[in-house]
Amino acid sequence: MTDERKQKDDVIIGRNPVSEAIQSSRTIDKVLVARGAKNGAIVGILARAKKKGIPIKEVDAKKLDYLSGGANHQGIAAFTAVKEYAEVEDIFALAEERNEKPFIIVLDEIEDPHNLGAIIRTAECAGAHGVIIPKRRSAALSFAVSKASAGAVEYVPVARVTNIANTLDKLKERGMWVYGADMNGTPYNSCRFDGAVALVIGNEGKGIGRLVREKCDEIVSLPMKGRINSLNASVAAGVLMYAVSSERGNL
């Protein structure tokens, strides 16, 4: 068993354990099933997972072998969240409790758990009220994310939503101004961030999706002075979060 596997407490393996976890009140981020293993008891497990809206992903059996550290996984495993997800309302409640205009970080398909953890850590330090991520095609609140956040997951509400674009519409209805981070936009130091702010950070490779970009009120960019034309997603998020925080007088 690898050291990495020994550290993880967010993986459940085997048909009965996964089935019980799905039926319980535990938050399941996703279910992994070995290719070709959709038979017998697994069919029923997957049906219950689908009914609860839990993402299901087919993987090579070798991946399950690795995750299980050699134990008998019976063709199925599940990842649980290390912390319960919040609701978007919880984020607004925190802003109200602090008597501050809402400051929310919206992540459009950030897939690297280390990036997600780093963003949550910076969000906590910069005074953001919460983070919103999509239910699919995104890193979840795994052990790796918790570790990368240096414990910030315990203090920053993280909400999962079905559709980021629709969620941005709802944020705008509540008076928030949505800023999307992209290479082709207004230099961030030319923007005003003194109101209720939703800051959108896109996927590590493809950036903000088209529909999400269309929902943004303004696209902001970071000046690139060197030969590399982009920053790591968590680094870019950190620079912009502190720009917002400074403008709002939080620093």
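Below: a short report on this structure. (Residues numbered from 1 in each chain as written. Predicted model: local features only at pLDDT ≥ 70, side-chain atom pairs only at ≥ 80, totals over all residues. Heavy atoms only, no water.)

## A closer look at a positive patch on the surface
Then, number 1: Taken together, the side chains of Lys30, Arg35, Lys57 and Lys63 define a basic patch exposed on the protein surface.
Then, number 2: Among the secondary structure elements, Lys30 is positioned in strand β2 (residues 28-34). (Patch = residues over 30% accessible without salt bridge, like charges linked within 9 Å, V, L, I, M, F, W, Y side chains within 5 Å. Areas by Shrake-Rupley, 256 points an atom, 1.4 Å probe, with all protein chains shown as cover. Salt bridge = Lys/Arg side-chain N within 4 Å of Asp/Glu carboxyl O. Lys, Arg positive; Asp, Glu negative; His and termini not counted. Charge placed at Lys NZ, Arg CZ, Asp CG, Glu CD. Helix = DSSP H or I, 4+ residues; strand = E, 2+ residues; numbered from the N terminus.)

## A look at the packing of aromatic side chains
Then, number 1: Under the definition given, this model contains 1 aromatic pair.
Then, number 2: The cationic tip of Lys30 hangs over the ring face of Phe79; the distance from NZ or CZ to the ring centre is 5.4 Å.
Then, number 3: Over the face of the ring belonging to Tyr85 we find Arg160, whose NZ or CZ atom lies 4.4 Å from the ring centre. (Phe/Tyr/Trp six-rings, centres within 6.5 Å; stacked < 30°, edge-to-face > 60°. Lys NZ or Arg CZ within 6 Å of the ring centre and 35° of its normal.)

## Description of the sheet that holds strand β3 (residues 56-59)
Then, number 1: Pairing within the open sheet is mixed, and its 4 strands lie in the order β1-β4-β2-β3. Across the chains shown, the open sheet's two edge strands, defined by having one partner strand only, are β1 (11-13) and β3. Put simply, the sheet's adjacent strands are angled 25 degrees from each other on average, direction ignored.
Then, number 2: Summarising the sheet, β1 and strand β4 (residues 76-80) pair through 3 bridges and their orientation is antiparallel. Looking across to β4, one finds that Val11 is bridged to Phe79.
Then, number 3: Set on the sheet, helix α2 (residues 15-23) makes contact with β1, β2 and β4; between it and β1 the angle comes to about 125 degrees. (Pairing = 2+ DSSP bridges. Axes fitted to C-alpha atoms, helices over the stretch in contact; angles between N-to-C directions. Contact = heavy atoms within 4.5 Å.)

## A look at the sheet that holds strand β10 (residues 218-221)
Then, number 1: With parallel pairing, the 6 strands of this open sheet are ordered in space as β7-β6-β5-β9-β8-β10. Bordering the open sheet on either side are β7 (158-161) and β10, each of which pairs with just one other strand. The mean inter-strand angle of the sheet, taken between neighbouring strand axes irrespective of direction, is 30 degrees.
Then, number 2: Here strand β5 (residues 103-107) runs beside strand β6 (residues 130-134); their pairing, made up of 3 bridges, is parallel. Looking across to β6, one finds that Ile104 is bridged to Gly130.
Then, number 3: Set on the sheet, helix α6 (residues 113-126) makes contact with β5, β6 and β7; between it and β5 the angle comes to about 170 degrees.
Then, number 4: Together, β5, β8 (177-187), β9 (197-201) and β10 form the strand contacts of helix α10 (residues 233-247), whose direction differs from that of β9 by roughly 165 degrees.

## Describing unusual backbone geometry
Then, number 1: Of note, Gln74 is a non-glycine position whose phi angle comes to about 55 degrees, a positive value.
Then, number 2: Position of Gln74 relative to the elements: it lies in the loop between α4 (61-68) and β4.
Then, number 3: The phi dihedral of Ala150 is positive, around 55 degrees, even though this residue is not glycine.
Then, number 4: Tracing the chain through its elements places Ala150 in the loop between α7 (143-148) and β7.

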